[in-house]
Structures are given as structure tokens and as C-alpha cells.
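Chain residues, written in single-letter form:
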Amino acid sequence: MYDPKKCDLCGKCLARCQYMDFDEKSGADAIKELASGKTPEWLNSCITCFACSETCPNSADPFDLIVTRMEQSGAYLDPALVAAMHGHFSPKGDYTPAPAGERAVSLCTIYSVLPPETFTGRLFEGLTPLRGRFFFCHILYLHMGNKSFFEKEMGPAIERIAATGAKEVVFVHDDCYTMIRMAQNAGVKIPFKPVHLLEHLRDWLKSNLISIKPINKTLAYQRPCASRLTAEKEALVDEIFELIGAKRAEREFDRENSLCCGQNTGDALAARKNMGAFQDKNIADAVKSGADGMAFLCPMCMGALGEKAKNAGLETWFISDLCKAAIGEI
Ligand code: SF4
Ligand code: SF4
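The shown structure was predicted, so the numbers you read here are calculated from the model rather than taken from an experiment.

J.: Any chance you could explain the overall build of the chain here in plain terms?
T.: Scanning the chain for helices and strands turns up 13 helices and eight strands. A globule of 330 residues ought to have a C-alpha radius of gyration of about 20 Å, and the chain, at 20 Å, matches this closely. Along the first, second and third principal axes, the C-alpha atoms of the chain reach 60 × 50 × 35 Å. For the chain, the proportion of its 330 residues judged to be buried stands at 45%. Considering only intrachain contacts with a sequence separation of at least 6, the fraction spanning at least 24 residues in the chain is 73%.

J.: Looking at this structure, I do not really get the sheet that holds strand β3 (residues 168–171). What am I missing?
T.: Across a sheet, paired strands are connected by hydrogen bonds in the backbone, their directions being either parallel or antiparallel. With respect to topology, four strands assemble into an open sheet ordered β2-β1-β3-β4, the strand pairing being parallel. Lying at the two open borders of the sheet, with one neighbouring strand each, are β2 (128–131) and β4 (193–196). Mean inter-strand twist for the sheet, computed between neighbouring axes without regard to direction, equals 30°. Sheet topology places β3 next to β4; four bridges connect them, and they run parallel.

J.: Is there a simple way to think about the site of ligand 1 in this case?
T.: The immediate surroundings of ligand 1 are formed by 13 residues, with C7, C10, C13, C56 and P62 found nearest. Partitioning the shell around ligand 1 into residue classes produces nine nonpolar, two polar and two charged.

J.: What exactly am I supposed to notice about the nonpolar core here?
T.: Soluble globular proteins: nonpolar side chains tend toward being buried together. Within the largest apolar cluster, 104 residues are counted, with the highest numbers of intra-cluster contacts made by F171, L201, L219, M294 and F296. Sorting elements by how many residues they give to this core places helix α12 (residues 299–311) first, with six residues. Discounting residues that sit within four places of it in the chain, M294 has contacts with L219, A220, Q222, A286, L305, A309, L314 and T316.

J.: Is there a simple way to think about the domain arrangement of the chain in this case?
T.: Interface size is often expressed as the accessible area that is lost when the parts come together. Each assigned domain of the chain is listed here: domain 1 (12–73), domain 2 (86–197) and domain 3 (201–326). Contacts between the two partners involve five residues from domain 1 and, on the opposite side, six residues from domain 2. Among the residues making up the side of domain 1 that touches domain 2, the classes are represented as two nonpolar, two polar and one charged.

J.: Where do I start with the sheet that holds strand β8 (residues 315–318) in this structure?
T.: If you walk across this open sheet you meet the four strands as β6-β5-β7-β8, and the pairing is parallel. The open sheet is flanked by β6 (246–248) and β8, the only strands paired with a single partner. In this sheet, adjacent strand axes meet at a mean angle of 35° when their direction is disregarded. With four bridges joining them, strand β5 (residues 217–222) and strand β7 (residues 293–296) adopt parallel strand pairing. The partner of Y221 across the bridge, within β7, is A295. Against the sheet, helix α9 (residues 234–244) makes contact with β5 and β6, and its axis sits at roughly 150° relative to β6, the strand it touches most. Across the sheet, helix α13 (residues 319–326) lies against β6, β7 and β8, angled at about 95° from β8, the strand it touches most.

J.: Whenever I open this one, the packing of helix α2 (residues 24–35) against helix α4 (residues 62–73) confuses me. Can you help?
T.: The axes of two packed helices give the description: the angle between them and the distance between them. Relative to each other, α2 and α4 sit at 55°, their axes nearing to 10 Å. Taken as axis vectors, α2 and α4 run oblique relative to one another. Considering only the axes of α2 and α4, their crossing is left-handed. Here α2 contributes I31, L34 and A35 to the contact with α4, which in turn contributes P62, L65, I66 and R69. Among the residues making up the contact of α2 with α4, the classes are represented as six nonpolar, no polar and one charged.

J.: Before we go on, may I ask you to explain the environment of T118 in this structure?
T.: Inspection of the secondary structure puts T118 in the loop between β1 (103–108) and β2. In sequence terms T118 and F318 are 200 residues apart; their C-alpha atoms lie 8.7 Å from each other. Setting aside residues up to four positions removed in sequence, T118 forms contacts with F318, S320 and D321.

J.: Help me understand α13 in this model?
T.: Owing to its 3.6 residues per turn, the α-helix aligns residues three or four sequence positions apart on the same side. α13 sits mainly inside the fold: seven of its eight residues count as buried. Listing the buried residues of α13 in full gives I319, S320, D321, L322, C323, K324 and A326. Elements in contact with the buried residues of α13: α8 (197–207), α9, β6, β7 and β8. Where α13 terminates, the next one or two residues include G328, which has phi positive at roughly 75°.

J.: How should I be thinking about the packing of α8 against α13 in this particular structure?
T.: Where α8 meets α13, the axes come as close as 11 Å, and the angle between the chain directions of the two elements is 10°. Comparing the axis directions of α8 and α13 gives the class roughly parallel. Along its contact with α8, which presents L197, L201 and L205, the element α13 presents I319, S320 and C323. Residues of the contact of α8 with α13, tallied by class, amount to five nonpolar, one polar and no charged.

Rules behind the numbers
Residues numbered from 1 in each chain as written. Chains lettered and ligands numbered in written order. Predicted model: local features only at pLDDT ≥ 70, side-chain atom pairs only at ≥ 80, totals over all residues. Helix = DSSP H or I, 4+ residues; strand = E, 2+ residues; numbered from the N terminus. Rg over C-alpha atoms; globule rule 2.2 N^0.38 Å. Buried ≥ 20, exposed ≤ 12 C-beta atoms within 10 Å, placed from the backbone. Contact = placed C-beta atoms within 7 Å. Pairing = 2+ DSSP bridges. Axes fitted to C-alpha atoms, helices over the stretch in contact; angles between N-to-C directions. Near = placed C-beta within 6 Å. Nonpolar A, V, L, I, M, F, W, Y, C, P; charged D, E, K, R; others polar. Core = buried A, V, L, I, M, F, W, Y, C linked by C-beta atoms within 7 Å. Domains from an automatic or database assignment. Parallel < 35°, antiparallel > 145°, perpendicular 65-115°, else oblique. Left-handed = near helix turned anticlockwise from the far one by under 90°.

Here it is as C-alpha cells:
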């Protein structure tokens, strides 16, 4: 949540924005305007990448202020898109939790984006899959300027996961893990141990070093926007790459400088915000880095950029498939 006591109105957050043309002076003025309760037109140019909150040196969470004002203005919300997303992702019917055992893996609705065999094999052995809308994290609605719906649904989604009785839950989708961390930051007690997919993969690989054969590939990593709110796990990507014998391509749009995949805003908003041009810049940068391919942590990013990457001659890899390749399962 935006904390005005931490914000010294330095403007660094917006000066760092890759999608709008602020400097520190105009950025400071813009944050001041938002903090005073105004809803300026530039809110509609935000692509909701969370980078401003990652940038803030005082952890004042400016994106929270931005999304609050987006919702107040009403101009950012696309009612047809919101209704379509509710139809697609909101839980339907009664929830009867199935016992998950000690360890579960949350596949939410994201499992359906990738081939079914993605979450099989030794990497996922012993994990009970939690699939479907009841486990959907709703972070999507932050990308749509609908913060209140996300906040309303966050608690029930966590309760449904907890009701499975799992002591430890591996989150495949970066968004879902981020929701858990946001809840923890807001003081919500999480009655299971949340584990990010990257942490699970790193630990599995470290326990099975003998199974690994280096894949010898250079890969451009596509960092999901949600990772900007959980940046402490960034080092895990480097560890995994090292363990499987991959090189993380040195490129302009990685780490704090990564670009949104363009999936965030839905097709209509993405077109309005010219996300196609940013996708092209992103792919061109990956090609220029000399990478053999792109590595994705988020299946949605892979869906948004995969075809353009392939057309540019790049391989496309979901992160756990890279690990599977290193242990001979692909
Ligand atoms: S939110 Fe952070 S970066 Fe932005 S103006 Fe306030 S202190 Fe500076
Ligand atoms: S969320 Fe991203 S696009 Fe929006 S103001 Fe912050 S940095 Fe810019």
C-alpha cells in the first residue's frame, strides 16, 4: 500500500518508467498530484508493469497509489474486458477441498496455457496438483485498474488453498506467488509454506546434481512484471541457469530494465498502448544479445511473445522445461 510517510516526492519512480516520458521533476509533480487525490489523464498511459514500485528507494509503493487512482477515475477500466475476465476466471459452484497431502503445486488456471506434460516427470513428483479457478490469484485485476476486486478476492483464494491442508505449496505462476507475498506484507498469516517455482526447481536440481547434463545454451530471460514485486528471487534464475549449464544472455531489457510482455492489458488496451512496438524492441534485443532462445517464467509472457520470438529464429523455453532438458526428460 502506498505510504505517504515514506514518500519524499523525489520522482525517481516515474522518471524510471519505460512507457511514459517523465523526468524526476515532472515525476515528482505527478506523484504529488496523485497523492492530493487527483486523477490525471496520464494514468491511462500506464501499462501496469509495477516497475515504479520496484524502483522506489523508500519502498513507498507508488504503483498502489497509481492503481487506486485508476479505479477512482474509472477511465482505465474497460467494463467489457472486466466482464470477460470475470466470466473466464471467477470461481463457479461450491468449493469442496480435496486433501492435498504434505506438498502441493498450485497450477491455478495457468496449466491450461501449456501442454499437459509440462507439469509431469521427476521435477513434479510427490506434489499434488491444485488446478482451476478456485486457486486463481486475481492479480490480473491490478493490471486492469481494478484494485478493490483483487483485494476482495485475495483472502478467499488463500483460504481455498489453505483448506487443502497442504503444508507446503509450490506456486508455478509468478502472479500467484506475488499475491501470497502481498498478503504477507499486508499482515495476513499464511497457514502453509509458500514456495516459488524457481526455488523448487533450484532445490530439486541441487539435490539431483548427478542427473544434470549441461544444456549449453545462451538464453534471453523474459522477466514477468509480477517479479518486480518479489525481486528477492531474481538470483534464483541465475542459480538455475548455472546449474543446468545455460548462460543468461547479457541484454538491455533484463532485470530492472525488463519490458512487459504486452499481455497485461488485454488485446484492446495493448493495441491502444502500442505494446506491439515494445514487443518488437524486446525480441530484437534478445536476437542482438546472441541468444539461442528465450526463457520464460510466465506462461502468459510465453504466449504473448512466443510467436514473435520463433519468427525471429529464437527457441522458446518454459523454465521447468529447460530443467527437464538438463535431466534428459526432453
Ligand atoms: S514513491 Fe518513492 S520514488 Fe516515487 S516519489 Fe515517492 S519516494 Fe520517490
Ligand atoms: S506501473 Fe509501469 S507503466 Fe505504470 S507508471 Fe509504473 S513504471 Fe510506468
